[in-house]
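# Fold and geometry: a report
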Amino acid sequence: MYLNCHSYYSLRYGTFSEVTLLDLAQENGLQQLALTDINNTSACLNFIKEAQERQMHAVVGVDIRNGIDQQYVLLARNNEGYQEINEFLTEHLHQKKHFSETAPAFKNCYTIYPFEKAMGLKFDRFRESEYIGIAIRDLNKLPFSPLAGLRDKMVILKTVSFRNKADYNAHRLLRTIDLNTLLSKLPVQEQGDPEDKMIAPEVLRIKYQDYPELLFNTDRLLKSCKVNFYFDDHRVNQNQIIYGESKEDDARMLEELCYSKIKMRYKNPSLEVYERVEKELTAIKQMDFVSYFLINHDILEYARSQNYPHIGRGSGANSVVAYIIGITNVDPIELDLYFERFINVFRSSPPDFDIDFSSFERDDVTAYIFRRFKNTALMGTYVTFQYRAVIRELGKVFGVPKFEIDNHLKGYKRKQSQSNDYIDLIDKYAHYIHGFPNYLSVHSGGIIITQKPIAYYTSTFMPPKGFQTVQFDMNIAEEVGIFKFDILAQRGLSKIKDCLEIIKYNQPDVTLPDMEDVEQFKNDPEINRLLNTGDCMGVFYVESPAMRTLMTKLQTNDYLNLVAASSIIRPGVSNGGMKNEFILRHRIPEKRKEAHPVMLEVLYDTYGVMVYQEDVLKVAHKFAGLSLAESDILRRGMRGKVKSKGQFEQIEKKFKSNCLERGYTEQLTLEVWDQIKAFAGYAFAKGHSASYAVESYQSLYLKKYFPLEFMTAVLNNGGGFYNIETYVHEIKVQGGIVAAPCINNSEHGNRIIGKTVYLGMGMLKTLSMRAVQTILNNRNFNGHYKSFDDFLERVNIGLEQLIILIRIDAFRFTGVDKHVLLWEAHLKLENKLPQHSDPVLFSPKKVNYDIPEITSEAVIDAYDQIELLSFPLCSYFELLNAPLPTHFKAVELANYINKQIAICGKLVTAKGTPTKDKRLMHFGTFLDIDGTFFDTVHFPIISEKYNIQSNGVYYIKGKVVDDLGCVAIIVDFIERLHIIPDPRFTDVGRNVKLM
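Residues numbered from 1 in each chain as written. Predicted model: local features only at pLDDT ≥ 70, side-chain atom pairs only at ≥ 80, totals over all residues. Heavy atoms only, no water.

### Comments concerning the overall build of the chain
Formally: Where helices and strands are cited, they refer to DSSP runs of H or I of at least four residues and of E of at least two residues respectively, numbered from the N terminus. Residue contacts are defined here by distance: any two heavy atoms, one from each residue, within 4.5 Å place the two residues in contact. All accessibility values rest on the Shrake-Rupley procedure with a 1.4 Å probe; residue burial counts only the protein chains present in the view. Counted as positive: Lys and Arg. Counted as negative: Asp and Glu, with His and the chain ends omitted from the count. Lys charges are placed at NZ, Arg charges at CZ, Asp charges at CG and Glu charges at CD.
Counting its regular elements, the chain contains 37 helices and 23 strands. Each principal axis of the C-alpha atoms in the chain carries an extent, and together these give about 100 × 90 × 70 Å. Looking at the chain alone, contacts between residues at least 24 apart form 69% of all its contacts between residues at least 6 apart. As presented, the chain carries roughly 44,700 Å² of accessible surface, and 50% of it is formed by carbon and sulfur atoms. Taking the average place of the 118 positive charges on the side chains of the chain and the average place of its 124 negative ones, the gap between the two points comes to 3 Å.

Written out as structure tokens, the structure is:
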């Protein structure tokens, strides 16, 4: 009976999910109905899936509208009709054009024109697939209509958008948000009909009792529509399944790739390697994943041809085939990575290859994929309405002042006299709308490449980057058998690429090694010494204080140690209390005996401690006797990735019974089980850790042997864990000179010449991109600027922008004090008319002014740098307005273990962490006067008493402690020291603090 039903994927219109729509249908005794969201097919696949589970007949289509004006409803007769609808909708969404009043002649779709629209079209005849939709409100007009005699072309068009009055109210609020207006000004024509609700079939039959043909036609139309897909356990692989000419050719190609490249990875391949390759190739062919490997290989071959750095991660790192053909740089045999973590008979989804590219190059790789493979699209995702955001939107809808909304969100209680009914209403409907889809967006890196056209599954929209994007998310995609390729962006790779380019121009005579040959870096003692000491500033994944501390405790000095460190810092190991246990067993071999003998035998490499996701497989397989495939089901079940609850419970039962049969006590069995349970949900895959470690070694090589070029690349890529100021400090530590932006030597980004790093003009927060481009274009075309006047003649720049450059001392090459230049700028530009950029034959005569002699001060320069760059180029210690209260140095801390000391430090970072009783404590990182790092611990009583969020130098008192060689200060007292006030505002007083 119902041919036109909406879910909340009719964005900013509908008010409930497609699942709720099915619930509503069942409550009303319906066994069939159509989902037709407005210009959207996002919910169609899940609607079909949920209907199948309920044994209901689902029909899908689209309600085609221009704005809110309904043109016609399209229903798919079959899968080909669904594809036609998606192609039609996609064309209009991509071109952002209005829909015509008449629908095209679809081959496999029904078109239903609303009665009023059909009247306006004045058709002599309707196509076989075209119908007239008669709403209840149309019944009184029908006998007097010229269409009255076309009863065989009429169907019931009872729209369903709401369940009740609350839904309708939410709908009106959504429409108001969409139109960015006040609720009181919402036009009636922009709202749905409050009667667009589902009514019982018997009531509907009574309404149309005078038109039994309509009831028959509607029922016949619904029954004739059948769009079918298979889901979950019954799904079929929808990805492109043939890479070349045939499956046989693909299999042969993959084998040839493996055996032709095997000696590039293994100089003398052992029998174990060949057996593993054979085992994997057999499984890959059996599971029909050959094309998945070949497509990934194709993508990476393109990247290599363009010299794009990349890292292959994911469960695919457990595959020796992936390693040999170059999808990953992780040797699964060296690391004892289980193949079953990657492919097994219980896993129908393809292996997971996450491929990271430089953030600047990912778009080109994406464009290549779209060119190379026919049926390609980006994965979509929905941004949903969040409670606080809805509160603010509804505040505008009701015209409530912003400060009242702010106070409500801050939790301030309103006095009875100040009670505002609107606030209560806003809060009520904010909870109602919270979680509704708001708008379509793009998944962070997912790309789908399907065997059939994308429109077979969904319509697409076109985001700003110009790659078509599907209207559903990864969850329903996987359920129907579409598995994404993850093409991700990562700044760490951008740093490597940029650094290599910087080395080429700054040290052109240097011969660089093959960065893909990571073995040479792993075996370099100088590089490993950086890990051992935590000297990893700017290095991907290992530069944070937490990693620096961990590596110091672990005495990390090789690749395998780094792989372990990358994993044990994750919550799975830490939360189970096993991080410290692992560190102790690593450093004190005697403690390894405390592990259960069987666990120690199973997890020999990690001293009986579970560190990686793969360890769950090892324990389940070797400790409990499960097969590797069953073990992977256990691992996935612990992470909530097994949809069949009964299957997981069966595996759990078998795990426990096997343990008891093997003679383990019930206590030991439960202890191991609980350990797995606490661990598995947060564990890090060893392949992921190893991939990160490979990239870390590449960065460590550059950090060790080209520190200034590397840190310049770090700056040019937005830094990393720390703020920009910290990386500028690191350049100085490495013997570099950091220079403020310069008109003649700086680019937009940061640039190194010899050992001098010129900060880029792009670092100046308030300098416009247009001004920077104008300056650089003129300099590149006409050469360096010879003087201040030469600059003014050549560059058309406003006074405000010029002042920024003067204040940062970008004209210091002239030898003229910047305060004098400020006077000149005002005198020469204040009343100057805009000039053309065309070159002039004769320069106008320069006017010189007598300006009194003025000299700048270092502290003024520092204040200007703080304002314009966010940090001074001098040390904060040089800006203190009183002598240091102590000259204690960080290098002395190890000599004062368990003693009270006082030290001064420049704050680098402070991380807040909640304690078990929900109080906040902090871990701080500081630099002493010599630029040496030291760490602090601020327990809640100190964190609550002393604020350490502001930048500057702090005076710190506390007790020095040593935790496995990692020295820190337990803080008892801390205060920020005052700095010299800006001399230009001395009337403010000498106690001004620098914020």
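There is more to say after this.
### Quick word on empty space enclosed by the protein
As a reminder, the rule being used: Cavities and pockets were defined on a 1 Å grid built from protein atoms only: a cavity is a group of points that admits a 1.4 Å probe but offers it no way out, a pocket is an open group of points flanked by protein on both sides within 12 Å along at least five of seven lines, and a lining residue is one with an atom within 4 Å of any such point. Grid points are joined across faces, edges and corners, and a volume is the space filled by probe spheres set on the points. In this classification, the charged set is Asp, Glu, Lys and Arg, the nonpolar set is Ala, Val, Leu, Ile, Met, Phe, Trp, Tyr, Cys and Pro, and all remaining amino acids, among them Gly, are polar.
Evaluated as defined, the whole model comprises two cavities of 30 Å³ or more. The computed volume of the largest cavity comes to approximately 40 Å³. Around the largest cavity sit ten residues that line it, and Asn 237, Asn 239, Gln 240, Ser 291 and Tyr 292 are the ones nearest its centre. Sorting elements by how many residues they give to the lining of the largest cavity places helix H10 (residues 290–305) first, with three residues. Its residues assigned to classes, the lining of the largest cavity shows five nonpolar, four polar and one charged. Its boundaries defined by the atoms lining it, the second largest cavity holds a volume of some 30 Å³. What lines the second largest cavity is Leu 603, Asp 605, Thr 606, Tyr 612, Asp 615, Lys 618 and Lys 686. Residue classes in the lining of the second largest cavity are distributed as two nonpolar, one polar and four charged.

### Some thoughts on the sheet that holds strand S22 (residues 953–963)
Definition in use: Whether two strands pair comes down to DSSP finding at least two bridges between them. Axis definition: a line fitted to C-alpha atoms, over the contacting stretch in the case of helices. Angles run 0 to 180 degrees between N-to-C directions.
Sheet architecture is closed into a barrel: five strands sit in the order S19-S20-S21-S23-S22, paired in mixed fashion. Each strand axis lies, on average, 50 degrees off the axis of its neighbour in the sheet, ignoring direction. One ladder, built from ten bridges, connects S22 with strand S23 (residues 966–976); its direction is antiparallel. Among the inter-strand pairings, Val 961 is bridged to a residue of S23, identified as Ala 968.

### Some points on the pairing of strand S21 (residues 933–938)
We apply this condition: The buried label goes to any residue with under 20% of its type's maximum accessible area, the exposed label to any with over 50%, and the partly exposed label to all in between, with areas taken from a 1.4 Å probe on protein chains only.
Counting buried positions along S21 yields five of six residues, so the element is predominantly enclosed. The pairing of strand S20 (residues 920–927) with S21 spans six bridges and is classified as antiparallel. Residue pairing for S21: Thr 925 is matched across the bridge by Asp 935. From the end of S20 to the start of S21, which pair antiparallel, there are five residues, and Gly 931 there has a positive phi angle of about 85 degrees. When S21 meets S23, the two strands line up parallel, connected through three bridges. From the neighbouring strand, Thr 936 faces S23, where its bridge partner is Ile 969.

### Remarks on the environment of Tyr 274
For Tyr 274, the location among the structural elements is in helix H9 (residues 271–286). On the basis of relative accessibility, which here comes to 30%, the residue Tyr 274 falls in the partly exposed class. With 155 residues separating them in the primary sequence, Tyr 274 and Tyr 429 have C-alpha atoms 63 Å apart. Beyond its immediate sequence surroundings of up to four residues, Tyr 274 is in contact with Tyr 259, Ile 262, Lys 263 and Pro 269.

### Observations regarding the nonpolar core
Applicable threshold: What is meant by a nonpolar core is a set of buried Ala, Val, Leu, Ile, Met, Phe, Trp, Tyr and Cys residues, joined one to another through side-chain atoms within 4.5 Å.
Membership of the largest hydrophobic core comes to 94 residues, with the highest contact counts inside it found for Leu 702, Leu 759, Ile 775, Phe 791, Leu 802, Leu 805 and Phe 811. Considering every element that reaches this core, the biggest residue donor is helix H29 (residues 686–705), with seven residues. Leu 759 has contacts with Leu 715, Val 728, Val 738, Ala 739, Ala 740, Pro 741, Ser 746, Asn 750, Leu 869, Phe 871 and Leu 873, leaving out every residue within four places of it along the chain.

### Examining the sheet that holds strand S18 (residues 756–758)
Within the open sheet, the three strands sit side by side as S16-S18-S17. Their pairing is mixed. For this open sheet the edge positions go to strand S16 (737–739) and strand S17 (751–753), each flanked by a neighbour on one side alone. This sheet shows a mean twist of 25 degrees between the axes of neighbouring strands, independent of strand direction. Across three bridges, S17 lies against S18 in antiparallel orientation. Paired with Arg 751 across the bridge in S18 is Tyr 758.

### Structural notes on the side chain of Gln 490
Short version of the rule: Pairs of N or O atoms are called polar contacts if they sit within 3.5 Å, as long as, within protein, a hydrogen donor faces a hydrogen acceptor (for residues adjacent in sequence, only side-chain-to-side-chain pairs).
With respect to the helices and strands, the residue Gln 490 is situated in strand S15 (residues 485–490). Here the side chain of Gln 490 touches Glu 695 through a polar contact of 3.0 Å, side chain to side chain. Each residue touching Gln 490, except ones within four places of it in the same chain, is listed here: Asp 356, Phe 357, Ser 358, Ser 359, Phe 540 and Glu 695.

### Looking at the packing of helix H14 (residues 402–410) against helix H15 (residues 421–433)
A packed helix pair is summarised by two numbers, namely the angle formed by the two axes and the spacing between the axes. Here is the rule: When an angle is under 35 degrees it counts as roughly parallel; over 145 it counts as roughly antiparallel; between 65 and 115 it counts as roughly perpendicular; any other value is oblique. Crossing handedness: left-handed means the near helix sits turned counterclockwise from the far one by under a right angle, and right-handed means the same turn made clockwise.
At a minimum axis distance of 11 Å, the contact between H14 and H15 shows a crossing angle of 55 degrees. Taken together, H14 and H15 sit at an angle that is classed as oblique. Crossing handedness for the pair H14 and H15: right-handed. When H14 is examined against H15, the residues Glu 404, Ile 405 and His 408 are found in contact with a partner set consisting of Ile 423, Ile 426 and Asp 427. When grouped by side-chain class, the residues that make up the contact of H14 with H15 number three nonpolar, one polar and two charged.

### With respect to helix H31 (residues 724–733)
For H31, the tally of buried residues reaches seven of ten residues, placing the bulk of the element in the interior. For H31, every residue scored as buried is listed here: Glu 725, Thr 726, Tyr 727, Val 728, His 729, Glu 730 and Ile 731. Positive phi shows up at Gly 735, right after H31, with a value of about 90 degrees.

### Some details on the side chain of Asp 790
Note on placement: Asp 790 falls in helix H33 (residues 788–794). If sequence neighbours within four positions are ignored, Asp 790 has contacts with His 784 and Tyr 785.

### Points about the packing of helix H21 (residues 559–568) against helix H23 (residues 578–587)
Between H21 and H23, the least distance of the axes is 11 Å, while the angle of their chain directions is 160 degrees. In terms of their interaxial angle, H21 and H23 are classed as roughly antiparallel. Like other packed secondary-structure pairs, H21 and H23 cross with a definite hand, here left-handed. Judged by residue contacts, Asn 561, Ala 564 and Ile 568 of H21 engage Lys 579, Phe 582, Ile 583 and His 586 from H23. Here the contact of H21 with H23 is built from residues that sort into four nonpolar, two polar and one charged.

### Some remarks on the environment of Arg 984
Positionally, Arg 984 belongs in the segment after S23. Those residues in contact with Arg 984 that lie beyond four places of it in its chain are Ile 860, Tyr 863 and Asp 864. Reaching out from Arg 984, the side chain makes a polar contact with the side chain of Asp 864 at a distance of 3.0 Å.

### Overview of the pattern of salt bridges
Just so we agree on the cut-off: Definition used for salt bridges: Asp or Glu carboxyl oxygen within 4 Å of a side-chain nitrogen of Lys or Arg.
Tallied over the full model, the rule gives 60 salt bridges. Notably, a salt bridge pairs Asp 178 with Arg 175, separated by 3.1 Å at the nearest N-O pair. Residue Asp 178 and its partner Arg 175 are located together in helix H5 (residues 165–179), separated by three residues, close to a single helical turn. Overall, the relative accessible area of 36% leaves Asp 178 in the partly exposed class. A salt bridge links Glu 526 to Lys 704, with the nearest nitrogen and oxygen atoms 3.5 Å apart. Of the two residues, Glu 526 is situated in helix H19 (residues 525–533) and Lys 704 in helix H29; the sequence distance between them amounts to 178 residues. Given a relative accessible area of 31%, Glu 526 falls into the partly exposed group. Residue classification places Lys 704 among the partly exposed positions, given a relative accessible area of 31%.

### Some remarks on the packing of aromatic side chains
Selection criterion: Two rings from Phe, Tyr or Trp (for Trp, the six-membered ring) form a pair when their centres are within 6.5 Å of each other. A pair whose planes differ by under 30 degrees is stacked, one over 60 is edge-to-face, and the rest are tilted.
Overall, the coordinates contain 45 aromatic pairs when judged by the stated rule. Arranged with centres 5.6 Å apart and planes meeting at 75 degrees, the rings of Phe 229 and Tyr 456 form a pair that is edge-to-face. Highlighted residues: Phe 229 in the loop between helix H7 (212–223) and helix H8 (247–265) and Tyr 456 in the loop between strand S12 (437–449) and strand S13 (460–461), separated in sequence by 227 residues. Note on Tyr 456: relative accessible area 11%, which makes it buried.

### Some words on unusual backbone geometry
Residues other than glycine seldom take positive phi values, yet Arg 12 does so here, at roughly 55 degrees. Turning to its location among the elements, Arg 12 is positioned in the loop between strand S1 (4–5) and helix H1 (18–27).

### Digging into the confidence of the model for the chain
The condition that has to hold: As a per-residue quantity, pLDDT reports the predictor's confidence and falls between 0 and 100.
The predicted model of the chain has a mean per-residue pLDDT of 89, with 92% of residues at 70 or higher. Of the regions scoring below 50 in pLDDT, residues 988–995 engages in 18 contacts with residues more than four places distant in sequence or in other chains.

### Examining the pairing of S20
In terms of burial, S20 is largely enclosed, as six of its eight residues are buried. Here strand S19 (residues 900–914) runs beside S20; their pairing, made up of eight bridges, is antiparallel. From the neighbouring strand, Pro 914 faces S20, where its bridge partner is Leu 920. Taken together, S19 and the strand that follows it, S20, pair antiparallel across an intervening segment of five residues, in which Lys 918 is found at a positive phi of about 70 degrees.

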